Amino acid sequence: MKGLVLDAVWEPRSDYVVSDWEEKTGKAITGNSIWRHPKLKVRDWADPTLGPQDVLLEIRACGVCGSDMHFYETDEDGYILYPGLTKFPTILGHEFSGKVVEMGKDVTTLQVGDMVTVEEMIWCGRCIPCRNGYPNHCTNLEEIGFTIPGAFANYIAVDEKFCWKIDAIAERFGSEEKGYEIGALTEPTCVAYNAMFERAGGFRPGHYVSVFGAGPIGLAAIGLAKAAGAGIIAAFEISPQRIELAQAVGADHVYDPREVNAGEVLMELSKGEGFDFHVEAAGAPELIVPEMEKALAINSKIVQIGRAAQRVPMYLEAFQVRRAQAFGAQGHSGHETFPNVIRMVAAGRLDLSPIITARYGLEETVDAIARSTERADGKILVKPN
Ligand SMILES: [Zn+2]
Ligand SMILES: [Zn+2]
């Protein structure tokens, strides 16, 4: 089959100490300290082989993620920008949907022809965090499209336990094709859901919600805030296209943060009471958290979803006086997240279909990722089959 393969050179920076585990497994914990001179190319790759509990999926749609962009872009020394767990060469792509075309002999929960989307985090179920109910913090994690072959490809083999059926989404939107496209948005939407409702415990209907950053995760956060009954949703985003998308999925007010003082705007909108729930989905907390701090309602929450290797100035006195809390979140697995997001989409409560702004074939995947570096689109989809 064909797939978009990332090749890179294992060349640790001179000041980076490679751990025994990294040496042994060939996995970099801090990708941008080790992987240099990345090359992305659609090329031949061995067909996946099926384990007894695996299904073979014909991939129908796979979204381009910010992390894919950070494999394509490098710093001045030629290192990938992506900071996380990685092992190359591998096929990229992790926000996807597909059709079951073959089953391992012990598969019991799926059938040939089923439409599914898949978790990206391959949690082991055996380590202490997994056994304690925290699969997003698995210590034996593999990640589809980061450490094992991903979904910018014709086929993928995955254990049935990571698959979630999306036929109800196809029914809601009236076609299989739409079901696969919208189904491929499930993974990033689950990242926002996990952060807002599992980690931070959500907000009450009527609460005022701010969302900083209207990339795919921020747009999903806006859609979820609307579906959950937010009183006012205010968003901050610099791209004019994304400002429009933020309005399309439910933001009441969207500002370019370079043109306003975000904290003051939130205080004006709330007539001095502050906002109850703040979502950081821009990956610039060192700039954004100080603005959120100016607009903390009593009992308010800040939830950090964007990733940034940055220290953040925080004035904890404000958190004491305003009875506020800050939450860190990563991942999308467990905690009913996939099934609840699929339910909301299938019920018509959450419609993120407007955020799909471009579609490419598998052969054009490098162009799709190059386009994402313009940071203007909502979600760009690759449709391999
Ligand atoms: Zn992603
Ligand atoms: Zn585990």
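Residues numbered from 1 in each chain as written. Chains lettered and ligands numbered in written order. Predicted model: local features only at pLDDT ≥ 70, side-chain atom pairs only at ≥ 80, totals over all residues. Heavy atoms only, no water.

**Observations regarding the sheet that holds strand 11 (residues 208-212)**
Strands belonging to one sheet form pairs held by backbone hydrogen bonds; the direction of such a pair is parallel or antiparallel.
Part 1 of the reasoning: The strand order across the open sheet built from 6 strands is 13-12-11-14-15-16, with neighbouring strands paired in parallel fashion. In the strand order of this sheet, the two ends are held by strand 13 (253-255) and strand 16 (325-328), each with one partner. Averaged over all pairs of adjacent strands, the angle between their axes in this sheet comes to 15°, without regard to strand direction.
Part 2 of the reasoning: Judged from the 5 bridges that link them, strand 14 (residues 275-280) and strand 15 (residues 296-304) form a sheet pairing that is parallel. Bridge assignment links phenylalanine 275 to a residue of strand 15, and that residue is leucine 296.
Part 3 of the reasoning: Strand contacts of helix 9 (residues 262-269): strand 11, strand 12 (232-236), strand 13 and strand 14, with the helix running at about 165° to strand 12, the strand carrying the most contacts. (Pairing = 2+ DSSP bridges. Helix = DSSP H or I, 4+ residues; strand = E, 2+ residues; numbered from the N terminus. Axes fitted to C-alpha atoms, helices over the stretch in contact; angles between N-to-C directions. Contact = heavy atoms within 4.5 Å.)

**Observations regarding the coordination of the zinc ion (ligand 1)**
Part 1 of the reasoning: Coordination of the zinc ion (ligand 1) by the protein is provided by Cys65 (SG), His94 (NE2) and Glu95 (OE), with metal-donor distances spanning 2.0 to 2.7 Å.
Part 2 of the reasoning: In terms of primary sequence, the donors binding the zinc ion (ligand 1) are separated according to C-x28-H-E. One end of the pair, cysteine 65, is in the loop between strand 3 (54-63) and helix 2 (66-72); the other, glutamate 95, is in strand 5 (residues 95-103), with 30 residues separating them in the sequence. By the burial criterion, cysteine 65 is buried, and glutamate 95 matches it. (Donors = N, O, S within 2.8 Å, 3.2 Å for Na, K, Ca; no water. Buried < 20%, exposed > 50% of the residue type's maximum accessible area, 1.4 Å probe, protein only.)

**A short note on the coordination of the zinc ion (ligand 2)**
Part 1 of the reasoning: For the zinc ion (ligand 2), every protein donor is listed as Cys124 (SG), Cys127 (SG), Cys130 (SG) and Cys138 (SG), and the spread of their distances is 2.3 to 2.4 Å.
Part 2 of the reasoning: One can describe the donor arrangement at the zinc ion (ligand 2) as tetrahedral, given that its 4 donor atoms subtend angles of 105 to 119° at the metal.
Part 3 of the reasoning: Written as a sequence motif, the donor residues of the zinc ion (ligand 2) are C-x2-C-x2-C-x7-C. (Tetrahedral: all angles 85-135°; square planar, octahedral: opposite > 155°, others 65-115°.)

**Remarks on helix 6 (residues 186-199)**
Part 1 of the reasoning: Under the 1.5 Å per step criterion, the end-to-end length of helix 6 is 18 Å for 14 residues, consistent within 8% with the ideal 20 Å.
Part 2 of the reasoning: At tyrosine 193, helix 6 shows its maximal bend, which comes to roughly 30°.
Part 3 of the reasoning: For helix 6, the buried fraction is high: 11 of the 14 residues fall into the buried class.
Part 4 of the reasoning: Listing the buried residues of helix 6 in full gives Thr186, Glu187, Pro188, Thr189, Cys190, Val191, Ala192, Tyr193, Asn194, Ala195 and Met196.
Part 5 of the reasoning: The first or second residue beyond helix 6 is glycine 201, which carries a positive phi of 75°. (Expected span 1.5 Å × (residues − 1). Bend = angle between axes of the 7 residues up to and from the residue.)

**Observations concerning the nonpolar core**
Part 1 of the reasoning: Met196, Ile222, Phe277, Val279 and Val303 are the most contacted members of the largest nonpolar core, which has 53 residues in total.
Part 2 of the reasoning: Apart from the residues within four sequence positions on either side, phenylalanine 277 is in contact with Met196, Ala200, Gly202, Phe203, Tyr208, Val209, Ser210, Lys301 and Val303.
Part 3 of the reasoning: Tyr82, Val107, Val116 and Cys127 belong to the second-largest nonpolar core, a separate cluster that totals 51 residues. (Core = buried A, V, L, I, M, F, W, Y, C linked by side-chain atoms within 4.5 Å.)

**Quick word on the side chain of threonine 86**
Part 1 of the reasoning: Note that threonine 86 resides in the loop between helix 2 and strand 4 (90-91).
Part 2 of the reasoning: When its relative accessible area of 0% is taken as the criterion, threonine 86 is described as buried.

**Topic: the packing of helix 6 against helix 12 (residues 337-346)**
Relative orientation and spacing of two packed helices are given, respectively, by the angle between their axes and the distance between those axes.
Part 1 of the reasoning: Where helix 6 contacts helix 12, the axes come no closer than 9 Å and their chain directions differ by 110°. Relative to helix 12, the element helix 6 lies roughly perpendicular. Read as a crossing pair, helix 6 and helix 12 show a hand that is right-handed. Counting all contacts with helix 6, which are made through Thr186, Glu187, Thr189, Cys190, Tyr193 and Asn194, the residues of helix 12 involved are Thr337, Phe338, Asn340, Val341, Ile342 and Met344.
Part 2 of the reasoning: Partitioned by chemical class, the residues of the contact of helix 6 with helix 12 number 6 nonpolar, 5 polar and 1 charged. (Parallel < 35°, antiparallel > 145°, perpendicular 65-115°, else oblique. Left-handed = near helix turned anticlockwise from the far one by under 90°. Nonpolar A, V, L, I, M, F, W, Y, C, P; charged D, E, K, R; others polar.)

**Side note on the sheet that holds strand 2 (residues 35-44)**
Part 1 of the reasoning: The antiparallel open sheet is built from 3 strands, whose spatial order is 2-1-4. Here the strands that pair on one side only, and so sit at the sheet edges, are strand 2 and strand 4.
Part 2 of the reasoning: Strand direction decides the pairing type here: strand 1 (residues 2-10) and strand 4, joined by 2 bridges, are antiparallel. Paired with valine 5 across the bridge in strand 4 is isoleucine 91.

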